[in-house]
2 protein chains.
Amino acid sequence: MDYLLGDLRRTHYSKEVNPEISGEEVLIMGWVHEIRDLGGIIFVIIRDRDGLVQITAPSKKIDASILEDLRALRKESVVAIEGTVQDAGKAPNGVEIIPAKVITLNPAKQPLPIDPTEKVKAEIDTRLNSRFLDLRKSNVSSIFKIKANMLKTVRDYFYKEGMIEINTPKLVASATEGGTELFPITYFEKEAFLGQSPQLYKQMMMGAGFDKVFEIGQIFRAEEHDTLRHLNEAVSIDCEISFADDVDVMRVLDGMITAVLKSTKENCGRELEVLEYDLSAIPEGPFPELKYDDAIDIINSKGIDIEWGEDLSREAEKALGDTQEGFYFLTDWPSAIKPFYAMPYEDRPEISHAFDLMYKNLEISSGSTRVHQYDLLVKQMIERDLNPDGFGSYLKAFEYGMAPHAGWGVGADRLAMVLTGVENIRETVLFPRDRHRLTP
Amino acid sequence: MDYLLGDLRRTHYSKEVNPEISGEEVLIMGWVHEIRDLGGIIFVIIRDRDGLVQITAPSKKIDASILEDLRALRKESVVAIEGTVQDAGKAPNGVEIIPAKVITLNPAKQPLPIDPTEKVKAEIDTRLNSRFLDLRKSNVSSIFKIKANMLKTVRDYFYKEGMIEINTPKLVASATEGGTELFPITYFEKEAFLGQSPQLYKQMMMGAGFDKVFEIGQIFRAEEHDTLRHLNEAVSIDCEISFADDVDVMRVLDGMITAVLKSTKENCGRELEVLEYDLSAIPEGPFPELKYDDAIDIINSKGIDIEWGEDLSREAEKALGDTQEGFYFLTDWPSAIKPFYAMPYEDRPEISHAFDLMYKNLEISSGSTRVHQYDLLVKQMIERDLNPDGFGSYLKAFEYGMAPHAGWGVGADRLAMVLTGVENIRETVLFPRDRHRLTP
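Here the structure is a predicted model, which means the values were calculated and not measured.

**Here we look at the relation of the copies chain B and chain A**
So, point 1. Taken as rigid bodies, chain B and chain A are interconverted by a rotation of 180° and an axial shift of 0.0 Å, the fit giving an RMSD of 0.0 Å. The superposition of one copy onto the other is thereby described by a two-fold rotation axis. No C-alpha of chain B lies nearer the rotation axis than that of Ile185(B), which sits 2.5 Å from it.
So, point 2. Most of the interface of chain B is mirrored in chain A, where 100% of its interface residues again form contacts.

Next comes the structure, spelled out in structure tokens:
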């Protein structure tokens, strides 16, 4: 047994070991997934990122020293196995490897804190405490393969739409919006905060003439939530478009979500199968639109008391979500419960050109036509008890030629929930951060 | 003059207004770049993200009210102009627009804090204070078009290499390395820090069996630098690969940088021209390798006193950089000045399988074969006065089957410096953060 890799290199991933290369010698590397020692024959299943491959060692045909090496293997140790591929109807990919060399690259201590091959699910907290082991399960890793494909599809869609990627700072001097709590940082001699949204920066980029921008990055919210759909650190997909309004950017959002639905079905069939999740049941865009006024009527008709002007309670969201098939837009929100940068209707300023994209009862995105007029922006800040002095460098961009614009932000982790069918946002984040969890 | 966009929509970007559509009616939107009123004829140049287009208004042929609207325009106001395209040899793209309608969508206050059409450069601090205006200059926006293309190319390269994108937390409970300063955060009842690198997380993903991962994300370093190549918030391009060593990942890095050089030359010719920068002078990979031992000899031969085992001073980096044509690897570093996770040579443990990628005197990347053995990792932590207890959840991943692995991180903003030829890292970051700057 040798710890070091040296000149050893994998020749094939598990999925490449198939009947087409029957008779060839291969060197595979991965984790010991299962060991079955039937005396006369030893079966070892090796797992890598792409799947499983079977090692078959009939004791009569294999050297005693190799049989000994196989018997010494422990579950979840990292191994390199050299051998010859041969057809085997019942094994993964229809082949097995007859081993010629067995090397343990890194042994796994026993017992394992959680069993990656377990059939019954452990509690989420136990799983997260040993996340590296939890992620070895195909039903867990599948979520992150779908999420990676989602982010690639989103970017491809943005490129196709002529958008430029930007990176805006996460260390900021002031709050984006009034209500949301911020994490304070000691920044040398100054006080700073963690950005709760790239909102102000992507708007400034509209003043910089960048026309159409996107950013996929971390956002931080110090809210004391304890729900299945909030985390204190999340990934946000943000876009902002000049010379466009709320209706234009709703179509961009439609298009993006539809591209993601299509691409997940096309590229992640195996992962959806592992998750036993039928994505084709979700209607593609363009998505239906429902005005806030009508939503209130529907919610009231379900016996839930909610008055015009109120934000939707969780109960209200659920009642409304039950009446919807999949994604839908909630539009024309009361101005007072939307941020200062949302554009009010000219003829009915108590409502605004603001929308949410919902998936059943889950909010996926918020967006709006933005206010591009300096005076109106300052007025709306003051109405919300925000001090314009705290927004100096942002407001300045509105004085010297700010383009009319609109945009939205999508919670990437929430969108991943829809794509994978999981009900806890912690399932779609590798190392989630909530009020009680800062590790691993 | 109307502030609202209403049904107005752009029909063409400036670059789409060319002789092919001569005779057609167009509606363009953008910023007033220049106004020249010669009495008998008024020229107005409109700028959008992609370039310039000329509005030509001979007073004899144009309505008096339109001439009045044109004369009322102010530099950098946002306008929509409708008119007919006609050939004009000397104008941008060989065409001009004869205006039929002039609408100011948002007027710019005068005077402007900086002039986006100025020929002489303002000081960087003045420019950053009005960054949204500074970014309207083509020599500034070109940098960010090149950077966006760079990030796209990097991801395409990673996808081609079979790598999975990951998002790891930026709110962390402990330091990645000993030396670097961290920004502390108050995280509810706990103390937390901003991640200075995704190092520990991407390594844990090797224990999770993800095989090859990448992340492009923010990193935060509370170092009190005041140089042209350090910022306190930066974007890092990180990759980590299982069953691979330092030499393998140096070839991946070679390949990535070369792909970026090629793609910049192919896709950003116009931007390079604006920057007057000749990227073809930089040799493509594979890049030459220089052992630390030999580097010390070269530096000493230049009359700079440096002893074996010391890190390179700025003076030493400069002397060494002067002897090199472009990118080069510095390999086989003394173990003591590399982090605990760098793998020492088996037969000569005082040096390690660690490398830096330099561009002349600028460090672009650091990488290494990582230690995958639990006992050695703990030993190396203790040797560096780090307490293994602070790394509990990281170390646990090494006890239960950690794959041998290697990886690197690239400073994205520094790589953008090489691609654009700028000498101050603040030029390659939209809203840079240094000790003295938290706004805009």
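**Concerning the interface of chain B and chain A**
So, point 1. At the interface, 105 residues of chain B touch 106 residues of chain A.
So, point 2. Of the roughly 9200 Å² buried between chain B and chain A, counting both surfaces, carbon and sulfur atoms make up 62%.
So, point 3. Where chain B packs against chain A, one counts 12 salt bridges.
So, point 4. In this structure, Glu165(B) engages Arg155(A) in a salt bridge whose closest nitrogen and oxygen atoms are separated by 2.8 Å.
So, point 5. The interface formed by chain B and chain A includes 54 residue pairs in polar contact (both at pLDDT 80 or more).
So, point 6. When residues of the side of chain B that touches chain A are assigned to their parent elements, the largest contribution, 9 residues, is made by helix H4 (residues 138-160) of chain B.
So, point 7. Per-class residue counts for the side of chain B that touches chain A are 55 nonpolar, 21 polar and 29 charged.

**Brief notes about helix H8 (residues 292-301) of chain B**
Residue pairs three or four apart in sequence face the same way in an α-helix, which turns once every 3.6 residues.
All names here are of chain B.
So, point 1. For H8, the complete set of buried residues consists of Tyr292, Ala295, Ile296 and Ile299. Taken end-on, H8 shows its buried residues confined to a sector of 100°, consistent with a single buried face. Within H8, the exposed residues directed more than 90 degrees away from the buried face are Asp297 and Ser301.
So, point 2. Downstream of H8 by a residue or two, Gly303 has a phi angle that is positive, lying close to 85°.

**A word on a negative patch on the surface**
So, point 1. Residues Asp305(A), Glu307(A), Glu310(A) and Asp311(A) make up a contiguous surface patch of negative charge.
So, point 2. Residue Glu310(A) is classed as partly exposed on the basis of its relative accessible area, which comes to 37%.

**Some thoughts on the UniProt feature "binding site: Mg(2+) 2" (unreviewed entry) in chain A**
Residue and element names in this part refer to chain A.
So, point 1. Mapped onto the present numbering, the UniProt feature "binding site: Mg(2+) 2" (unreviewed entry) falls on Glu363 and Ser366.
So, point 2. Here Glu363 shows up in strand E15 (residues 362-369).
So, point 3. Excluding residues within four positions of it along the chain, Glu363 makes contact with Asp356, Leu357, Met358 and Arg414.
So, point 4. A polar contact of 3.0 Å, which involves the side chain of Glu363, links it to the side chain of Ser366.
So, point 5. Excluding its chain neighbours within four sequence positions, the residues that come into contact with Ser366 are Lys338, Phe355, Asp356, Trp408 and Gly409.

**Details of the sheet that holds strand E4 (residues 78-87) of chain A**
Residue and element names in this part refer to chain A.
So, point 1. Strand order in the closed barrel formed by 5 strands is E1-E2-E3-E5-E4, with mixed pairing between adjacent strands. Adjacent strand axes in the sheet meet at a mean angle of 50°, parallel and antiparallel pairs treated alike.
So, point 2. Where strand E1 (residues 25-37) and E4 come together, 7 bridges link them in antiparallel fashion. Bridged to Glu25 within E4 is Thr84.
So, point 3. The strands touched by helix H1 (residues 64-72) are E1, strand E2 (41-48), strand E3 (51-58) and strand E5 (95-106); relative to E5, the strand with the most contacts, the crossing angle is about 65°.

**Observations regarding the nonpolar core**
So, point 1. Formed by 89 residues in total, the largest nonpolar core has its most connected members in Tyr394(A), Ile237(B), Met256(B), Phe327(B) and Trp408(B).
So, point 2. Ranked by the residues each element gives to this core, the list is headed by H4(B), at 10 residues.
So, point 3. Excluding residues within four positions of it along the chain, Phe327(B) makes contact with Ile257(B), Leu261(B), Ile282(B), Pro283(B), Phe287(B), Pro288(B), Leu357(B), Met358(B), Tyr359(B), Ile364(B), Leu415(B) and Val418(B).
So, point 4. Formed by 88 residues, the second largest nonpolar core is a distinct cluster that contains Trp408(A), Ile425(A), Val172(B) and Val371(B).

**A look at the packing of helix H4 (residues 138-160) of chain A against helix H12 (residues 412-420) of chain A**
All names here are of chain A.
So, point 1. H12 packs onto H4 with a crossing angle of 120° between their chain directions and a minimal axis gap of 10 Å. The pairing of H4 with H12 is recorded here as oblique in orientation. Where H4 crosses over H12, the two elements pack in a sense that is right-handed. Facing Ile143, Ile146, Lys147 and Met150 of H4, the residues of H12 in contact are Ala412, Asp413, Leu415, Ala416, Leu419 and Thr420.
So, point 2. A class-by-class count of the residues in the contact of H4 with H12 yields 7 nonpolar, 1 polar and 2 charged.

**As for the pairing of strand E4 (residues 78-87) of chain B**
So, point 1. Inspection of the sheet shows E4(B) paired to strand E5 (residues 95-106) of chain B by 10 bridges, in the antiparallel sense. Across the sheet, Glu82(B) pairs through a bridge with Lys101(B), a residue of E5(B).

Each value, and the rule that gives it
Residues numbered from 1 in each chain as written. Chains lettered and ligands numbered in written order. Predicted model: local features only at pLDDT ≥ 70, side-chain atom pairs only at ≥ 80, totals over all residues. Heavy atoms only, no water. Least-squares fit on C-alpha atoms with pLDDT ≥ 70 in both. Contact = heavy atoms within 4.5 Å. Buried area = accessible area lost by both parts, 1.4 Å probe. Salt bridge = Lys/Arg side-chain N within 4 Å of Asp/Glu carboxyl O. Polar contact = N/O pair within 3.5 Å; in protein donor to acceptor, adjacent residues only side chain to side chain. Helix = DSSP H or I, 4+ residues; strand = E, 2+ residues; numbered from the N terminus. Nonpolar A, V, L, I, M, F, W, Y, C, P; charged D, E, K, R; others polar. Buried < 20%, exposed > 50% of the residue type's maximum accessible area, 1.4 Å probe, protein only. Arc of directions from axis to C-beta. Patch = residues over 30% accessible without salt bridge, like charges linked within 9 Å, V, L, I, M, F, W, Y side chains within 5 Å. Areas by Shrake-Rupley, 256 points an atom, 1.4 Å probe, with all protein chains shown as cover. Lys, Arg positive; Asp, Glu negative; His and termini not counted. Charge placed at Lys NZ, Arg CZ, Asp CG, Glu CD. UniProt positions renumbered as here; feature names shortened; annotations may be inferred. Pairing = 2+ DSSP bridges. Axes fitted to C-alpha atoms, helices over the stretch in contact; angles between N-to-C directions. Core = buried A, V, L, I, M, F, W, Y, C linked by side-chain atoms within 4.5 Å. Parallel < 35°, antiparallel > 145°, perpendicular 65-115°, else oblique. Left-handed = near helix turned anticlockwise from the far one by under 90°.

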